[in-house]
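The residues making up each chain are set out below.
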Amino acid sequence: MHQKLLTKKFFKDNPYKEISAQRLIYTLLSYEGIEKLSTEISQQYLNLSTERIDRISAERKMIAQLQDPEEILQLMRKNIDGFNRCHLVDKALEFEADMLPLIVDKLTRSDHDTFIDNSVRFLAGCKSDYATILKHRYGEIRSPYVKSIACILLGFKADESLIPWMLEQFYELKKFYPGEKYDQGPLFGLHELFDRFYK
């Protein structure tokens with residue numbers, strides 16, 4: 001339906017930046033489970049101190065006992081040990097129906113890196129369709145970085161009709177933030193939409 005908008009020339013004229021946060025996030029989303037696997041392998045082979053192992057274990061037990069979505073939401077803003085990040089996201093996903101609107105609502109106002117990173121992983125793991133609520137709330141998002149990341153997430157879930165809108169976000173972020181890499185988010189979103197519908 002919109003294939004003529006995503007030409008070889010468009011992607012040639014708008015190449016990906018070699019290094020960007022958006023590229024890292026796109027890679028993580030493209031290879032489901034890779035972060036969990038790398039975390040497990042790293043924990044087995046890194047020479048962690050006894051103190052850190054005890055801290056990871058205690059933190060993991062605390063996460064496992066959480067039953068209140070609001071408490072989980074608050075913990076998603078805290079700098080927990082990197083080895084427990086996947087466990088925290090998995091816990092949030094146990095309460096997906098309650099957590100989804102809370103997380104999207106918080107994302108519209110957040111510029112907190114830890115929360116944004118955890119939210120991306122949560123949304124990527126959702127079984128339900130987050131695209132509708134994320135697109136609906138997109139205009140309320142204050143941070144251009146969060147807008148950029150939201151476009152990547154939408155590329156993985158939204159339907160083909162979103163392509164013209166995604167192009168608008170690409171050109172808007174490119175125009176208003178020329179020295180930044182925010183346009184890379186919708187660019188990766190467009191790449192994913194192209195792969196899903198036209199390859």
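Relevant structure appears above.
These numbers come from a predicted model, not from an experiment.

Reading guide: rules and limits
- Residues numbered from 1 in each chain as written.
- Predicted model: local features only at pLDDT ≥ 70, side-chain atom pairs only at ≥ 80, totals over all residues.
- Heavy atoms only, no water.
- Axes fitted to C-alpha atoms, helices over the stretch in contact; angles between N-to-C directions.
- Helix = DSSP H or I, 4+ residues; strand = E, 2+ residues; numbered from the N terminus.
- Parallel < 35°, antiparallel > 145°, perpendicular 65-115°, else oblique.
- Left-handed = near helix turned anticlockwise from the far one by under 90°.
- Contact = heavy atoms within 4.5 Å.
- Nonpolar A, V, L, I, M, F, W, Y, C, P; charged D, E, K, R; others polar.
- Salt bridge = Lys/Arg side-chain N within 4 Å of Asp/Glu carboxyl O.
- Buried < 20%, exposed > 50% of the residue type's maximum accessible area, 1.4 Å probe, protein only.
- Phe/Tyr/Trp six-rings, centres within 6.5 Å; stacked < 30°, edge-to-face > 60°.
- Expected span 1.5 Å × (residues − 1).
- Core = buried A, V, L, I, M, F, W, Y, C linked by side-chain atoms within 4.5 Å.

Draft legend 1. Main features of the packing of helix α10 (residues 144-157) against helix α11 (residues 163-176). Where α10 contacts α11, the axes come no closer than 11 Å and their chain directions differ by 150 degrees. As far as their axial angle goes, α11 and α10 are roughly antiparallel. Where α10 crosses over α11, the two elements pack in a sense that is left-handed. Where α10 abuts α11, its residues P144, S148, C151, L154 and G155 lie against W165, M166, Q169 and L173. Residue composition of the contact of α10 with α11, grouped by class: 6 nonpolar, 3 polar and no charged.

Draft legend 2. Quick peek at the pattern of salt bridges. This model, assessed by the stated rule, comprises 10 salt bridges. The salt bridge involving R137 is made with E140; its shortest N-O contact spans 2.8 Å. Under the relative-accessibility criterion, E140 is labelled partly exposed at 41%. Across the salt bridge formed by K174 and D183, the nearest N and O atoms sit 3.8 Å from each other. On the basis of relative accessibility, which here comes to 5%, the residue D183 falls in the buried class. Each of D105, R109, R137 and E140 takes part in salt bridges that share partners, so that together they form one network.

Draft legend 3. Representation of the packing of aromatic side chains within the structure. Evaluated as defined, the whole model comprises 11 aromatic pairs. Ring geometry for Y138 versus W165: centroids 4.8 Å apart, planes at 80 degrees, classification edge-to-face. Taken together, the positions of Y138 in the loop between α9 (131-137) and α10 and W165 in helix α11 put the pair 27 residues apart, joining distant regions of the chain. For the pair Y138 and W165, a shared accessibility class is recorded, and that class is buried. Relative to Y198, the ring of F194 lies with its centre 5.8 Å away and its plane at 65 degrees, an arrangement referred to as edge-to-face. Linking F194 with Y198, this pair stays in helix α12 (residues 184-198), spanning 4 residues, or about one helical turn.

Draft legend 4. Highlighting α10. For α10, built from 14 residues, the straight-helix expectation of 20 Å at 1.5 Å per residue is met to within 8% by its first-to-last C-alpha distance of 20 Å. Burial of α10 is extensive: 12 of the 14 residues sit out of reach of the surface. Of all the residues in α10, the buried ones are P144, Y145, V146, K147, S148, I149, A150, C151, I152, L153, L154 and G155.

Draft legend 5. Structural detail: the side chain of T39. As for its position among the elements, T39 is in helix α3 (residues 34-45). When near neighbours in sequence (up to four residues on either side) are disregarded, T39 contacts G82, F83 and C86.

Draft legend 6. Highlighting the nonpolar core. Counting residues in each nonpolar core, the largest one holds 56 residues, and the members touching the most others are L6, M76, M99 and F122. When residues in this core are grouped by element, the largest group, 8 residues, is from α10. Residues within four places of M76 in sequence aside, it is in contact with L88, A92, M99, I103, T114, F115, N118, S119 and F122.

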